[in-house]
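As a plain string of letters, each chain reads:
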Amino acid sequence: PRFADRTTVWPLLLAIGVLTIALPLLIYALLRSMGLLQSVFAPTLAERRYPLLISIILYLTLCYRYLPDYGSPEIYFYMVGLCMSLATALAMLFARIRISIHMLCMGAVLVFLIGLSLHFEKNITGAIAGWTLLTGLVASSRLAMNAHSKVELALGFFVGSLAQVLTYAYWV
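This structure is a prediction, so every number in the text was calculated from the model and none was measured.

A. Here's a closer look at the state of the cysteines. Under the definition given, this model contains zero disulfides. C63 carries a free sulfur, and the closest cysteine sulfur to it, the one in C83, is 4.2 Å from it. Residue class for C63 comes out buried when judged on its relative accessible area of 0%. Among the cysteines around C105, which has no disulfide bond, C83 carries the closest sulfur, lying 11 Å off.

See below:
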């Protein structure tokens, strides 16, 4: 791990917070008020289109506007992999294939943690094991809620993991 000055960390955290938490919540409220979303779960294929497209735009904004200025290739390539995953999910959506976005993100973070361990040559098996447990809990909860089938969960995990593995060549 590298040292990061507070003057560079706080603006980056603010940009990440605004583009990944604040704006998506506002956009969700807007889409809901316009009648494009009926619930936060977006059960139909049509309801998933706009949130996915907007997420891709927000993450690409983060990747190309804010992350290159702060010298963190690890976070940059994580976000690039996440954009690739979401774009794949959107393409699959247009092909009428629904995947679990929850598992997509869980798989992306898990493979990113493995990449961090390889990149920095640090033993973070505790974090990897903990995230693996959380991934299993998320998958179990999605099945218990009948939100997804096993195939949709597996596809989501695979898409999220594969995109992160594809970015390894550039930063690991």
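B. Layout of the packing of aromatic side chains. According to the stated counting rule, one finds six aromatic pairs in the structure shown. Seen in terms of ring centroids, F77 and Y170 are 5.8 Å apart; in terms of plane orientation they differ by 15 degrees. Their pairing is stacked. With a gap of 93 residues between them, F77 in helix α3 (residues 73–94) and Y170 in helix α6 (residues 150–171) connect regions that are remote in the sequence. The class for F77 is buried, based on a relative accessible area of 17%. Both rings, one in Y168 and one in W171, keep their centres 6.1 Å apart while their planes meet at 85 degrees; by these two values the pair is edge-to-face. Here Y168 and its partner W171 are both found in helix α6, three residues apart, which amounts to about one turn of the helix. These aromatic residues form a ring-pair network of at least three members: Y64, Y76, F77 and Y170. Of note, R65 hangs over the ring of Y66, and the distance from its end group to the ring centre comes to 5.1 Å.

C. Representation of the pattern of salt bridges in the model. Tallied over the full model, the rule gives one salt bridge. The partner of R98 in a salt bridge is E152, and the shortest N-O contact between them spans 3.7 Å. Placement of R98 in the loop between α3 and α4 (101–120) and of E152 in helix α6 is noted, with a sequence separation of 54 residues between them.

D. Expanded view of the side chain of E47. Here E47 shows up in helix α2 (residues 45–66). Buried charge without a salt bridge: E47, with R48 as the nearest opposite-charge side chain at an N-O distance of 8.1 Å. Ignoring anything within four residues of it in the chain, the contact list for E47 reads L36, L37, Q38, S39 and A42.

E. Focus on α4. With 20 residues, α4 should reach 28 Å at 1.5 Å per residue; the first-to-last C-alpha distance of 28 Å fits that figure. Between a side-chain oxygen at the N-terminus of α4 and the backbone nitrogen of H102 the separation is 3.5 Å; the capping residue is S100.

F. Geometry of the nonpolar core. Core analysis: the biggest nonpolar cluster contains 36 residues, and L62, L67, Y78, M79, L82 and L104 have the highest contact counts within it. Elements with a minimum of two residues in this core: α1 (6–33), α2, α3, α4 and α6. No other element matches α3, which puts 12 residues into this core. Apart from the residues within four sequence positions on either side, L82 is in contact with Y59, L104, C105, A108 and Q164.

Cut-off values and rules
The numbering scheme is per chain: residues are counted from 1 as the chain's sequence reads. Note on the predicted model: pLDDT of at least 70 is required for a residue's local features to be given, and 80 or more for side-chain atom pairs to be given and counted; whole-chain, interface and lining totals, by contrast, use all residues. As a convention, hydrogens and water are excluded, and side-chain values are obtained from all of the structure's heavy atoms. The disulfide criterion used throughout: a pair of cysteine sulfur atoms within 2.5 Å. We call a residue buried when its accessible area falls under 20% of the maximum for its residue type, exposed when it is over 50%, and partly exposed in between, using a 1.4 Å probe and counting protein chains only. Stacked, tilted and edge-to-face are the three classes assigned to paired rings of Phe, Tyr and Trp, where Trp is represented by its six-membered ring and a pair needs centres within 6.5 Å; plane angles under 30 degrees give stacked, over 60 edge-to-face, the rest tilted. Runs of E in the DSSP output that reach at least two residues are strands. Runs of H or I that reach at least four are helices, and both are numbered from the N terminus. Any Lys NZ or Arg CZ that is within 6 Å of a ring centre and within 35 degrees of that ring's normal is treated as a charge sitting over the ring. Salt bridges are counted wherever a side-chain nitrogen of Lys or Arg sits within 4 Å of a carboxyl oxygen of Asp or Glu. In summary, the charge assignment counts Lys and Arg as positive and Asp and Glu as negative, without counting His or the chain termini. Note on contacts: a residue pair is in contact if any heavy atoms of the two residues lie within 4.5 Å. Under the convention used throughout, the expected extent of a helix is 1.5 Å for every residue step, that is, one less than its residue count. Under the rule applied, a polar contact is a pair of N or O atoms within 3.5 Å (in protein, one hydrogen donor and one hydrogen acceptor; residues adjacent in sequence only if both atoms are side-chain atoms). For this analysis, a nonpolar core means a set of buried residues of the types Ala, Val, Leu, Ile, Met, Phe, Trp, Tyr and Cys, connected via side-chain atoms within 4.5 Å.

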